[in-house]
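Geometric and topological summary
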Amino acid sequence: MFRSNNLTARIFERQILTPRPGTSINLFRHFYENVCPSHTVHDIDCPDLSFRKFTDDGQFLIGFSRNHQDLVVYRPSWLNYSCKGECPYSLDLPPKARRFDSFFRHLFTISLASANEFICKDFFLYVDPYRFGLFATSTAQVNDNAASADGAIHGVPSIEKITFHLVRLDDGVVLDEKAFYNDFVNLAHSTGAFLYDDLLCIVSLRYQTIHILQIRESGNLVEVRRIGPYCQEDDELFLQSHAQVSPGSSFLPGIKQRLLSFIFRKTWNEEADQSMRVQHLKKKFYFHFQDYVDLIIWKAQFLDRHHLLIKFGSVDGGVSRNTDQGLSFFAVYNMETTEVVTFYQNSSEEMYSFFERFYDFFNSVSRNTLHAQYISSHTNNSHALNQLLNIKSKSGSFSQFVKKMMLTIPYTCQSHSPSPYFDLSLFRYDDKLISAIDRHRHSTEHPIKFISLRQPNVVKFKIKPGAEGGGPDGGRAKKVSSFLFHPYLPLVLSIQQTKGKNAPSPPLLFSHILRSSTRCEATIYQNQGDDVNKASEFMKAALQSSITENQLRSKSRLRWLWLDNGRPQLPQSSLIGVIQIIILE
């Protein structure tokens, strides 16, 4: 960790000292304590779009048209301007700063949805290695609760057509599509799909099937496996050629057979006394047999390339948004052996211990996604762990606390912002007002403060998600805000929308940026001798490194003098050079 909070001292310390192995990125992220959004550009003149998020590599900003027909993609840039002569920092930004194209460059606009389809604005997954984007379109939902003869689950609504589109974000070419007909996939917040490296799983709630697809570098969506009615590729052929099934009867789905077999063996092995096993099976297994049979798949995620974490529950909980008090179960499924590895209820203390100690295994991030690997969690951040333990100690019922924590798994893919400003080892903030989770928030009239963790009384920056002076409604109308943080730049977009009784008002876009004026100067006094020349070259390299830090920021004017004797003096015999970095704010 840096010994000083001074930005200039940190830059030179970075050049001189070598961090411990494996800590360099975490160490350099401390520069974000000095590089924070310091200025808000209000009421940006932006296109009438619904913005989704930045991609995890920060290369693209995803947006959709208001009619949910078109995909619009921008590339983030940076606002730059210069003044003739002296440029006082107190001057307002030029009118160009209020234009959206000053911050973002339009790449393309393409139509994804047909006349009767709409883009799901909450669904987006980014395939980092290939810079592909996965989007979803669907027709209107129909509450068709009748179970059909083709195996649809009673009580699950139907959507006539759901289409997943694979788009190359560099030029907007639609590479491939995958369509589901008369099915239901939970598209809200990308809940019904999970991406791990080049593998994609999509959960069909209506037909209780997990589709495993591989995203090829060529841009093809190739289905490699289906898990549900059948587990092995030849299960259907084997049953058709060997089974003797009477008319009107059917087998349980393959995944349900595997689950019941595991529960039976687990219950059998729990009782060592042979004379008591039958009674134990009656009480623990046969009494709840129909309840297990009625379970349906809610959600699934990859733990690695061979194992899935599958969440089971009732039909009502699978399609309802409110599942807080519902009973649910978790199973780990091995796709290669088609075996259920383990099975837990959502109130299991053992399952919670895994959650508390190994949460990053549930948050299985692709190895190709650099910035997302540093998202704070209670297993990699002591401050996040202290927050969890504090909530745990204040909980009145441990069982209800466990159920509440289990609502977060399976993990929703790409739902957390990798921005360093959400790093709990650098900043603390009110998570009721803002958090790394991609969700809308009720707008507040008070600014959201990001406070330094090393200096508890220092507010590093504030985000005011509204217009200066408030609105004419006096705060009575319901306002909703969303925040889009760039993964590594000091750039935040806050979008505020007022929802009244009539049609909602157009959203207001505010840009929170770093505003600084930087001038770097160097004076090198050469003297005779190799040591002096080497020191001079070192200073030139240090200066070059400081110039590349194009987002330098400080709270005051800084002058940094580097001398060979380490004292702030200028003796002619020993002077090697002076590096002067002036940061105006």
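Calculation notes
Residues numbered from 1 in each chain as written. Predicted model: local features only at pLDDT ≥ 70, side-chain atom pairs only at ≥ 80, totals over all residues. Heavy atoms only, no water. Helix = DSSP H or I, 4+ residues; strand = E, 2+ residues; numbered from the N terminus. Buried < 20%, exposed > 50% of the residue type's maximum accessible area, 1.4 Å probe, protein only. Contact = heavy atoms within 4.5 Å. Arc of directions from axis to C-beta. pLDDT = per-residue confidence, 0-100. Core = buried A, V, L, I, M, F, W, Y, C linked by side-chain atoms within 4.5 Å. Pairing = 2+ DSSP bridges. Axes fitted to C-alpha atoms, helices over the stretch in contact; angles between N-to-C directions. Parallel < 35°, antiparallel > 145°, perpendicular 65-115°, else oblique. Left-handed = near helix turned anticlockwise from the far one by under 90°. Nonpolar A, V, L, I, M, F, W, Y, C, P; charged D, E, K, R; others polar. Lys, Arg positive; Asp, Glu negative; His and termini not counted. Salt bridge = Lys/Arg side-chain N within 4 Å of Asp/Glu carboxyl O. Polar contact = N/O pair within 3.5 Å; in protein donor to acceptor, adjacent residues only side chain to side chain. Patch = residues over 30% accessible without salt bridge, like charges linked within 9 Å, V, L, I, M, F, W, Y side chains within 5 Å. Areas by Shrake-Rupley, 256 points an atom, 1.4 Å probe, with all protein chains shown as cover.

Some remarks on the overall build of the chain
When helices and strands are counted, the chain shows twelve helices and 28 strands. A burial count over the chain gives 48% of its 585 residues as buried. Pairs at least 24 apart in sequence give 59% of the contacts found in the chain among residues at least 6 apart.

Focus: helix α5 (residues 274-284)
Residues R277, H280 and L281 constitute the buried set of α5. Looking straight down α5, one finds that the buried residues subtend no more than 100 degrees of arc, so they occupy a single side. Across from the buried face of α5, at angles greater than 90 degrees, the exposed residues are S275 and K283. Here the buried face of α5 lies against α4 (254-270).

Quick notes on the confidence of the model for the chain
With 77% of its residues at a pLDDT of 70 or more, the chain has an overall mean of 78. Contacts of residues 518-585 to residues separated by more than four positions or lying in other chains number 113 contacts, the stretch itself having pLDDT below 50.

Description of the environment of I391
Secondary-structure assignment places I391 in helix α10 (residues 382-394). I391 gets classed as partly exposed once you look at its relative accessible area, which sits at 44%. Sequence-wise, I391 and F401 are ten residues apart; in three dimensions their C-alpha atoms are separated by 8.6 Å.

With respect to the nonpolar core
In this structure, F123, F164, I210, F302, I310, F312 and M406 are the most contacted members of the largest nonpolar core, which totals 75 residues. Non-local contacts of I310, meaning those with residues more than four positions away in its chain, are made with I210, I255, I297, K299, A300, F329, F330, A331 and Y333. With 20 residues, the next largest nonpolar core counts V41, Y74, L484 and L493 among its residues.

Considerations on the sheet that holds strand β17 (residues 307-313)
In space, the four strands of this open sheet follow the order β16-β17-β18-β19, with antiparallel pairing throughout. Among the strands making up the open sheet, the edge pair consists of β16 (296-302) and β19 (339-345). Neighbour to neighbour, the strand axes of the sheet diverge by 25 degrees on average, direction disregarded. Pairing analysis gives six bridges linking strand β18 (residues 328-334) to β19, with the strands arranged antiparallel. Looking at the pairing, N334 lines up with E339 of β19.

Some words on the packing of helix α8 (residues 349-357) against helix α11 (residues 398-406)
Two elements in contact, α8 and α11, have axes separated by 10 Å at closest approach and are oriented at 50 degrees. When the interaxial angle is binned, α8 and α11 end up oblique. In this structure, α8 meets α11 at a crossing whose hand is left-handed. The residues of α11 that touch α8, namely those facing E349, M351, Y352 and F355, are F398, F401, V402, M405 and M406. Here the residues of the contact of α8 with α11 sort into eight nonpolar, no polar and one charged.

Considerations on the side chain of D57
Residue placement: D57 occurs in the loop between β2 (49-54) and β3 (61-65). Despite its burial, D57 pairs with no opposite charge; the closest candidate is R131, at 4.4 Å N-O. Separated by 3.2 Å, the side chain of D57 and the backbone nitrogen of Q59 make a polar contact. At a separation of 2.6 Å, a polar atom in the side chain of D57 contacts the side chain of Y126.

A look at α8
Within α8, the full set of buried residues consists of M351, Y352, F355 and E356. One face of α8 carries all of its buried residues, which in axial projection span an arc of 140 degrees. Those residues of α8 hidden inside the fold are in contact with β18, β19, α9 (359-362), α10 and α11. N-cap assignment for α8: the residue whose side-chain oxygen lies 3.3 Å from the backbone N of E350 is S348.

Here's the deal with the pairing of strand β22 (residues 448-452)
Counting buried positions over the five residues of β22 gives four, a clear majority of the element. Where strand β20 (residues 427-428) meets β22, two bridges bridge the pair, whose relative direction is antiparallel. Bridge pairing links F427 to S452 in β22. Both β22 and strand β23 (residues 459-463) contribute to a ladder of four bridges, which runs antiparallel. Following the sheet pairing, K449 is matched in β23 by K462. Once β22 ends, the chain turns through six residues before running back antiparallel as β23.

Details of the sheet that holds β22
For sheets, the rule is that strands pair by backbone hydrogen bonds, running either parallel or antiparallel. Spatially, the three strands line up as an open sheet ordered β20-β22-β23, and their pairing is antiparallel. Each having just a single partner strand, β20 and β23 make up the two edges of the open sheet.

Overview of the environment of T191
Inspection of the secondary structure puts T191 in the loop between β11 (173-183) and β12 (193-196). As for T191 and V203, which are separated by twelve residues in sequence, their C-alpha atoms are 9.0 Å apart.

Things to note about unusual backbone geometry
Omega for the peptide link from I409 to P410 comes to -5 degrees, which places this bond in the cis form. Following the sequence through the fold, P410 ends up in the loop between α11 and β20. Its identity is not glycine, yet H189 carries a phi of approximately 55 degrees, on the positive side. With respect to the helices and strands, the residue H189 is situated in the loop between β11 and β12. Despite not being glycine, S190 has its phi angle at roughly 60 degrees, a positive value. Mapped onto the elements, S190 comes out in the loop between β11 and β12.

With respect to a nonpolar patch on the surface
Together, Y230, F238, L239 and F251 line one region of the surface with nonpolar side chains, adding up to about 380 Å² of accessible area. In this structure, F251 sits in the loop between α3 (235-242) and α4.

Notes on the pattern of salt bridges
Think of it this way: side chains of opposite charge can pair up when their charged atoms draw near. Taken as a whole, this structure holds 14 salt bridges when the rule is applied. A salt bridge links D48 to R66, with the nearest nitrogen and oxygen atoms 3.0 Å apart. Of the two residues, D48 is situated in the loop between β1 (39-41) and β2 and R66 in the loop between β3 and β4 (70-76); the sequence distance between them amounts to 18 residues. Look at D48 and you get exposed, because its relative accessible area is 52%. A cluster of three or more residues bridged by salt bridges with shared partners is formed by R75, R131 and D170.

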